[in-house]
Amino acid sequence: MSTTTHTLQVKSHTTPDELRSPEKTLLELNHLDEFSIGRMTMQPGWTWADNIKPVVNTDSCQLLHVGYCVSGTLETMLDDGTTATITAGDSYLIPPGHNARVVGDEPYVAIEMHSAASYGVPTT
């Protein structure tokens, strides 16, 4: 990947550039030139179908996710039936065409490096 970035940038997620908060979801975004990094927190009981689908109006999530799980547990189900469980310490790549749900009583917290800028954005 070629970039034209020549400026050192450091930003804290304590004071993010942008916040999005669909129900049971908090996305804290920092924009660094053409890159965006998001800290995602989903509360217990969160499901993509219940909390994000009404915002984006697609049958399943159509974003590619690349990230790292800080805490909690997320069960991910691809449209083809493949499933995986993501837990603290896991790096992940989730292709488009999936649903997900938080498992257990602990919030799921992850750092997203690929699709954070598009996550939870209402479709027109």
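Below: a short report on this structure. All figures in this text were calculated on a predicted structure; none of them were measured in a lab.

### As for unusual backbone geometry
Look at lysine 24: it is not a glycine, yet its phi comes out positive at around 60 degrees. Mapped onto the elements of the fold, lysine 24 is located in the loop between strand 1 (18–20) and strand 2 (25–32).

### Focus on the nonpolar core
If you look at the biggest cluster of nonpolar residues, it comprises 20 residues, and the most contacted ones within it are Met42, Trp46, Trp48, Leu74, Ile86, Tyr108 and Tyr119. Elements represented by at least two residues in this core include exactly strand 2, strand 3 (35–42), strand 7 (91–94), strand 8 (98–102) and strand 9 (108–112).

### Section: the environment of arginine 39
Summarising the element assignment, arginine 39 is placed in strand 3. The contact partners of arginine 39, leaving out residues within four places of it in the chain, are His13, Thr14, Leu26, Leu27, Glu28, Val109, Ala110 and Ile111. From its side chain, arginine 39 meets the backbone oxygen of histidine 13 in a polar contact 3.3 Å long. Within polar-contact distance, the side chain of arginine 39 engages the side chain of glutamate 28 at 2.7 Å.

### Points about the state of the cysteines
Going through the model one piece at a time under the given rule, you end up with 0 disulfides. Free cysteine: cysteine 61, not disulfide-bonded; nearest cysteine sulfur from cysteine 69 at 16 Å. Judged by its relative accessible area of 0%, cysteine 69 is buried.

### Focus on a nonpolar patch on the surface
A cluster of nonpolar side chains, Tyr68, Val70 and Met113, forms an exposed patch at the surface whose accessible area comes to about 260 Å². Here methionine 113 is to be found in the segment after strand 9. With a relative accessible area of 43%, methionine 113 lands in the partly exposed category.

### Describing the pairing of strand 6 (residues 83–87)
In the sheet, strand 5 (residues 73–78) pairs with strand 6 via 5 bridges, with the strands oriented antiparallel. Bridged to threonine 73 within strand 6 is threonine 87. Connecting strand 5 to the next strand, strand 6, in antiparallel fashion are 4 residues, including glycine 81 with a positive phi near 100 degrees.

### Section: the pattern of salt bridges
Applying the stated criterion across every chain yields a total of 4 salt bridges. Arginine 20 serves as the salt-bridge partner of glutamate 18, at 3.1 Å between the closest nitrogen and oxygen. With a relative accessible area of 27%, glutamate 18 lands in the partly exposed category.

What counts, and where the lines are drawn
- Residues numbered from 1 in each chain as written.
- Predicted model: local features only at pLDDT ≥ 70, side-chain atom pairs only at ≥ 80, totals over all residues.
- Heavy atoms only, no water.
- Helix = DSSP H or I, 4+ residues; strand = E, 2+ residues; numbered from the N terminus.
- Core = buried A, V, L, I, M, F, W, Y, C linked by side-chain atoms within 4.5 Å.
- Buried < 20%, exposed > 50% of the residue type's maximum accessible area, 1.4 Å probe, protein only.
- Contact = heavy atoms within 4.5 Å.
- Polar contact = N/O pair within 3.5 Å; in protein donor to acceptor, adjacent residues only side chain to side chain.
- Disulfide = S-S within 2.5 Å.
- Patch = residues over 30% accessible without salt bridge, like charges linked within 9 Å, V, L, I, M, F, W, Y side chains within 5 Å.
- Areas by Shrake-Rupley, 256 points an atom, 1.4 Å probe, with all protein chains shown as cover.
- Salt bridge = Lys/Arg side-chain N within 4 Å of Asp/Glu carboxyl O.
- Pairing = 2+ DSSP bridges.

None of the figures reported here should be taken as evidence of function without further support.
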